[in-house]
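Chains, contacts and geometry: an overview
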Amino acid sequence: MFSERSESMYILLAILIFGILIGIHEFGHFIAAKACGVRVNEFAIGMGPALLKRQKGETLYALRLLPIGGFCAMEGEDERSDDPRAFTSKPWWQRAVILIAGAFMNFLLGFLIIALLYSSAQAFYGRTVSALTEDFRYGGEEGLMVGDEILSIDGHTIFYSNDFSTYMSRSSGGTVDMVIRRGGEKLLLDDYPLQMEDYVVDGETVHRYGVTFNTVPATFWNRLQYACCTAADYVRYVWMGLSDLVTGVVGIKDMSGPVGIVSAIGQVGQASASTAEALKNILFLASFIAVNLAVMNLLPIPALDGGRVFFLLITGVLEKILRRKIDPKYEGYIHAAGLMLLLGLMAVVMVNDIARIVNG
């Protein structure tokens, strides 16, 4: 059983993780801006009043009180500026690189954490069927057979066996459309009725699909490939979550913000059998959060980096048509409105997070 001190340690660790994720995101914007010759007025980690600040050259570096964000304030980013080093003075592609750099750094960090966690792996479960349970009811020429390589389920690519479990669990109607490779030929198992059932394995009853997959040796390149596929899976999980939100499968009440994630990290740490296992599990969660932030930041929503890239493309087209520059203040107004809406959503999510924690 973990002590109250351990719980506090995991909460502090969660806050540190958020700080690193925010810092690496803003650092991406910062180094891209510097590389493109854009003047950076302030580079800050956190929001609110400054706890520490230091002017170095043209840039003010600040650590602020609230660990809920950060910013890289570039000259001319949201207002007109005659400075030749202003953000708006740069070619559109350089501005796009600067805007995308933050999300790229988050994704890169997530990938590096995954690669580190799998660096000591001995083997992975692949996507080729190596065995079927003795009383498996869905085999034969019209179903699965030993040696079949499962390529996709309901249109979703299967990289490794964990993808098989994920997309089988999301199937609706009790059947799936499964594409397999058998003897070098692709086959479609249309409306394949594979279900989880009780099977007796080694004298014990287990609830499973009855399919066993091959093992892939964890060579350097296989580890790298597995890390890439895991990062790609994280991206797909974010899109699945957004799809569930849009279709009403989940609601705003099911969303989690910084408070909920800090609580989840604490719970993961406390539920682990040892400190080493806790750190490993927390790092897995941190890698997912990093990739999640990368994807969410690139959504074409005002105030997010993706929204800024979207407006960059729109204004570029309009300026070509109108043959004149569009005042960036109008885009600034839209992003300011978007930011207020996002802050409102964050407030609602935070209240829900606190309510869940209080209600246990």
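Some details on the overall build of the protein chain
Each helix and strand in the protein chain was counted, giving 8 helices and 10 strands. Principal-axis analysis of the C-alpha atoms gives the protein chain an extent of 75 × 60 × 40 Å. Burial statistics for the protein chain: of 360 residues in total, 39% are counted as buried. Approximately 20000 Å² of the protein chain is accessible, and the part contributed by carbon and sulfur atoms is 63%. Looking at charge distribution, the protein chain has the averaged site of its 29 positive side-chain charges lying 13 Å from that of its 36 negative ones.

Considering the packing of helix 2 (residues 92-117) against helix 6 (residues 275-297)
As a packed pair, helix 2 and helix 6 sit with axes 8 Å apart at the nearest point and diverge in direction by 155°. Taken together, the axes of helix 2 and helix 6 lie roughly antiparallel to each other. Pair helix 2 / helix 6 crosses with left-handed handedness. Counting all contacts with helix 2, which are made through Ala-103, Asn-106, Phe-107, Gly-110, Ile-113, Ile-114 and Leu-117, the residues of helix 6 involved are Lys-280, Leu-283, Phe-284, Ser-287, Ala-290, Val-291, Leu-293, Ala-294 and Asn-297. In terms of residue class, the contact of helix 2 with helix 6 is made up of 11 nonpolar, 4 polar and 1 charged.

Some thoughts on a nonpolar patch on the surface
A cluster of nonpolar side chains, Met-47, Leu-51, Leu-52, Leu-63, Leu-65 and Leu-66, forms an exposed patch at the surface whose accessible area comes to about 540 Å². Mapped onto the nonpolar patch, the elements with two or more residues apiece are strand 1 (40-56) and strand 2 (59-74). Residue position: Leu-65 is located in strand 2. With a relative accessible area of 46%, Leu-65 lands in the partly exposed category.

Structural notes on the packing of helix 2 against helix 7 (residues 305-322)
Contact geometry for helix 2 and helix 7: axes closest at 9 Å, N-to-C directions at 170°. When the interaxial angle is binned, helix 2 and helix 7 end up roughly antiparallel. Judged by residue contacts, Trp-92, Arg-95, Ala-96, Leu-99 and Ile-100 of helix 2 engage Asp-305, Arg-308, Val-309, Leu-312 and Leu-313 from helix 7. Classifying every residue of the contact of helix 2 with helix 7 by side-chain character gives 7 nonpolar, no polar and 3 charged.

Observations regarding the pattern of salt bridges
Within this structure, the stated rule accounts for 12 salt bridges. Between Glu-58 and Lys-34 there is a salt bridge whose closest N-O contact spans 3.2 Å. With Glu-58 in the loop between strand 1 and strand 2 and Lys-34 in helix 1 (residues 4-35), this residue pair connects regions lying 24 residues apart in the sequence. A salt bridge links Arg-181 to Glu-149; the shortest N-O distance between them is 2.8 Å. On the criterion of sequence distance, the pair formed by Arg-181 in strand 6 (residues 176-182) and Glu-149 in strand 4 (residues 149-153) is long-range, its members being 32 residues apart. Look at the salt bridges and you will find they share partners, linking Lys-34, Arg-39, Glu-58 and Arg-85 into a network.

A few points about the packing of aromatic side chains
Across all of its chains, the model carries 18 aromatic pairs by this definition. Between Phe-164 and Tyr-209 the ring centres are 5.5 Å apart and the planes differ by 80°, which places this aromatic pair in the edge-to-face class. Taken together, the residues span a long stretch of sequence, with Phe-164 in helix 3 (residues 161-169) and Tyr-209 in the loop between strand 9 (204-208) and strand 10 (211-217) at a distance of 45 residues. Like Tyr-209, Phe-164 is buried.

Some details on the pairing of strand 6
Burial along strand 6 is one-sided: the residues Val-176, Met-178, Ile-180 and Arg-182 are buried and none of Asp-177, Val-179 and Arg-181 is. Where strand 4 lies against strand 6, 4 bridges are found, and the strand directions are antiparallel. Across the sheet, Ile-153 pairs through a bridge with Met-178, a residue of strand 6. Alignment of strand 6 against strand 7 (residues 185-192), held across 6 bridges, turns out to be antiparallel. Note on strand 7: the bridge partner recorded for Met-178 is Leu-189.

Quick look at unusual backbone geometry
For Asp-191, which is not glycine, the phi torsion reads 50° and is therefore positive. If you trace the backbone, Asp-191 turns up in strand 7. Look at Ala-303: it is not a glycine, yet its phi comes out positive at around 85°. Looking at the element boundaries, Ala-303 is found in the loop between helix 6 and helix 7.

Notes on the environment of Lys-280
With respect to the helices, strands and loops of the structure, Lys-280 is situated in helix 6. Accessibility expressed as a relative area gives 42% for Lys-280, which makes it partly exposed. Considering only alpha carbons, one finds Lys-280 and Leu-342, 62 residues apart in sequence, at a separation of 32 Å.

Description of the confidence of the model for the protein chain
Here the protein chain shows a mean pLDDT of 86. Residues at 70 or above account for 95%. Contacts for the low-pLDDT stretch residues 1-5, under 50 throughout, to residues beyond four places or in other chains number 5 contacts.

Let's talk about the side chain of Arg-95
The residue Arg-95 is located in helix 2 in this model. For Arg-95, a relative accessible area of 14% translates into the label buried. Looking at Arg-95, its side chain comes within polar contact range of the main-chain oxygen of Lys-90, at 3.0 Å. Ignoring any residue separated from it by four or fewer positions in sequence, one finds Arg-95 in contact with Phe-87, Thr-88, Lys-90 and Leu-312.

Scoring rules and cut-offs
Residues numbered from 1 in each chain as written. Predicted model: local features only at pLDDT ≥ 70, side-chain atom pairs only at ≥ 80, totals over all residues. Heavy atoms only, no water. Helix = DSSP H or I, 4+ residues; strand = E, 2+ residues; numbered from the N terminus. Buried < 20%, exposed > 50% of the residue type's maximum accessible area, 1.4 Å probe, protein only. Areas by Shrake-Rupley, 256 points an atom, 1.4 Å probe, with all protein chains shown as cover. Lys, Arg positive; Asp, Glu negative; His and termini not counted. Charge placed at Lys NZ, Arg CZ, Asp CG, Glu CD. Axes fitted to C-alpha atoms, helices over the stretch in contact; angles between N-to-C directions. Parallel < 35°, antiparallel > 145°, perpendicular 65-115°, else oblique. Left-handed = near helix turned anticlockwise from the far one by under 90°. Contact = heavy atoms within 4.5 Å. Nonpolar A, V, L, I, M, F, W, Y, C, P; charged D, E, K, R; others polar. Patch = residues over 30% accessible without salt bridge, like charges linked within 9 Å, V, L, I, M, F, W, Y side chains within 5 Å. Salt bridge = Lys/Arg side-chain N within 4 Å of Asp/Glu carboxyl O. Phe/Tyr/Trp six-rings, centres within 6.5 Å; stacked < 30°, edge-to-face > 60°. Pairing = 2+ DSSP bridges. pLDDT = per-residue confidence, 0-100. Polar contact = N/O pair within 3.5 Å; in protein donor to acceptor, adjacent residues only side chain to side chain.

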